[in-house]
Amino acid sequence: MKDYDAIIIGCGASGTMCALSTKNKNVAIIDCNFLPSKKILVTGNGRCNLTNLNLDSSFYNTNIDAYLNQFNVKQTLAFFEKLGLEWYADEENRVYPITNSAKSVVDVLSKDLKNKVEMFLDETVLNIKKENEKFVVSTNKNIFSCKKLVISTGGNTELFKNLNILSSSFTPSLVALKCSNNLKNLNGVRISNALVTAICENNKKSEMGEVLFKEDGLSGIVIFNLSSIFSRAKNFNGKIVIDIFPSLPLSTLKQKLENRKMLNVPLNKFFVGFLQNSVADEVLKQSKLNGNIDSKELTENEINVLATTLKNLTFNIVGAYSNNQIFSGGVDLSELTLGLESKKVKNLYFTGEVCNVDGVCGGYNLQWAWTSGHIVGEQL
Ligand SMILES: Cc1cc2nc3c(=O)[nH]c(=O)nc-3n(C[C@H](O)[C@H](O)[C@H](O)COP(=O)(O)OP(=O)(O)OC[C@H]3O[C@@H](n4cnc5c(N)ncnc54)[C@H](O)[C@@H]3O)c2cc1C
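Every value quoted in this text rests on a predicted model; they were computed, and no experiment measured them.

> Just checking my understanding: could you explain the sheet that holds strand S5 (residues 94-97) for this structure?
Strand pairing within a sheet occurs via backbone hydrogen bonds; the two strands may be parallel or antiparallel. Pairing is antiparallel in the open sheet, where three strands are placed in the order S3-S5-S4. The open sheet has two edge strands with one neighbour each: strand S3 (51-52) and strand S4 (87-89). In this sheet, S5 lies alongside S3 in antiparallel orientation, the contact comprising two bridges. The partner of Thr51 across the bridge, within S5, is Val95.

Written out as structure tokens, the structure is:
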């Protein structure tokens, strides 16, 4: 049996940061992938949006101030600079490597890793047990023991089920949403500068931005961010309501439509020059008005129905796609100390996505991985 002071399970973003932050040489890291930090390669569309200059707890599902106070964005960037990574921030404060390549982030993280800790890649942890003061970690190749154990396994809580740690089940989040509406005509269409509201059970959340229509669902950063409302609900069911003209009050919009009556065209041509054709078709479908009505004959009530539909285009959400960026759920912070150690099981630590912390798109999830990984690494 190989014995270490500490073992980190998971060589993803947070596990790698944890390994690089420890001064202890007698530490091992185990990952079932044969490449360290493999997932980072696909982040930020291959560019890796590693953090955000505008970051506080309001971008997360829970308050993480106490952790950010220990390792914040500035310290994270200083850490990466020390590794040799040059970075820039875009107009939305999202930070990327100057090379615009996620590989650069993986390269600087991997450079010294094997000198810092012992690495066991392409090796899957199958079981964890606590025996007296030690943890026994069994993989498909070895049996290890250690005094301190770090769980950095991303969306995988299976491993520590027998350690009696309370964790809520994982559901996909930051994900495109599937709709029951027939969206064939809208496939590929984008509606920009919209106010998008997600409604699920008793929760409601809105965000401004762009919605991208897929053949059977909705995508785009706004949809990703709002998807957490559905992830946390009992059923992945609810509505997305799109206000196509959030800057126009209903009365102004009605007046605009009233003025368009003089176009003297059938209703199915009424929105030409005002809406994309497929969006206009959807508005007519949802307003349930006959496309042959002459615009001149539109009644006040019909104008009201059209304007209301433009501000409340509604899509029924019935599920999520499988390409989620993160999982919602995991070990609640109330189960953990400020050092991310289990309050129940001494010397057991959690970092990254396995904790019940999730942020919106924009570098927030990786920042949690860096912050939590660093805090734990310093204690090994
Ligand atoms: C497509 C995509 C794009 C993203 N883009 C961004 C972005 O631009 N910015 C951002 O902030 N966030 C982004 N994210 C989210 C971000 O990648 C995660 O929040 C982050 O990787 C979580 O880090 P982690 O260390 O908790 O888990 P991970 O990085 O998932 O690492 C977990 C590791 O544990 C290993 N593991 C699991 N179980 C076992 C086992 N039994 N035995 C051995 N090893 C095991 C896995 O192989 C993995 O390497 C993106 C995610 C995806 C999927």
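Now that the structure has been shown, the text picks up again.
> Explain the domain arrangement of the protein to me, please; I cannot follow it from the model alone.
Note on interface size: it is often stated as the accessible area lost on association of the parts. Taken domain by domain, the protein comprises domain 1 (2-172 + 327-377) and domain 2 (175-323). Placing the centre of domain 1 and that of domain 2 at their C-alpha centroids yields a distance of 39 Å. Between domain 1 and domain 2, the contact holds seven residues from the first and eight residues from the second. Per-class residue counts for the side of domain 1 that touches domain 2 are three nonpolar, three polar and one charged.

> Just to check I follow, could you spell out the packing of helix H1 (residues 13-21) against helix H10 (residues 364-377) for this structure?
Running from N to C, H1 and H10 point in directions that differ by 35°, and their axes come no closer than 7 Å. Here H1 runs over H10; the crossing is right-handed. On H10, the residues touching Ala13, Ser14, Gly15, Met17, Cys18, Ala19, Leu20 and Ser21 of H1 are Leu366, Ala369, Trp370, Ser372, Gly373, His374, Val376 and Gly377. When grouped by side-chain class, the residues that make up the contact of H1 with H10 number nine nonpolar, seven polar and no charged.

> Where do I start with the site of the ligand in this structure?
For the ligand, the set of nearby residues contains 35 residues, the closest of which are Gly10, Gly12, Gly44, Gly154 and Gly352. Every element with two or more residues in the shell around the ligand is listed here: H1 and H10. With four residues, H10 is the largest single contributor of residues to the shell around the ligand. A breakdown of the residues in the shell around the ligand according to their chemical character gives 14 nonpolar, 17 polar and four charged.

Cut-offs and rules
Sequence order as written defines the numbering, with residues in each chain counted from 1. Totals for whole chains, interfaces and linings use all residues, but because this is a predicted model, local features are given only for residues with pLDDT of at least 70 and pairs of side-chain atoms are given and counted only at 80 or more. Paired strands are those between which DSSP finds at least two bridges. Secondary structure elements follow DSSP: runs of H or I of four or more residues count as helices, runs of E of two or more count as strands, with numbering from the N terminus. Note that domain bounds follow an automatic or database assignment of domains. This entry defines residue contacts through backbone-placed C-beta atoms, with two residues in contact when those atoms are within 7 Å. Following the grouping adopted for this structure description, the nonpolar residues are Ala, Val, Leu, Ile, Met, Phe, Trp, Tyr, Cys and Pro, the charged ones are Asp, Glu, Lys and Arg, and the polar ones are all others, Gly among them. Angles run from 0 to 180 degrees between N-to-C directions of axes, and those axes are lines fitted to C-alpha atoms, restricted for helices to the stretch in contact. Helix crossings fall into two classes, left-handed where the near helix is turned counterclockwise from the far one by less than a right angle and right-handed where it is turned clockwise. We call a residue near a molecule or strand if the C-beta atom, set from the backbone, is within 6 Å of it.

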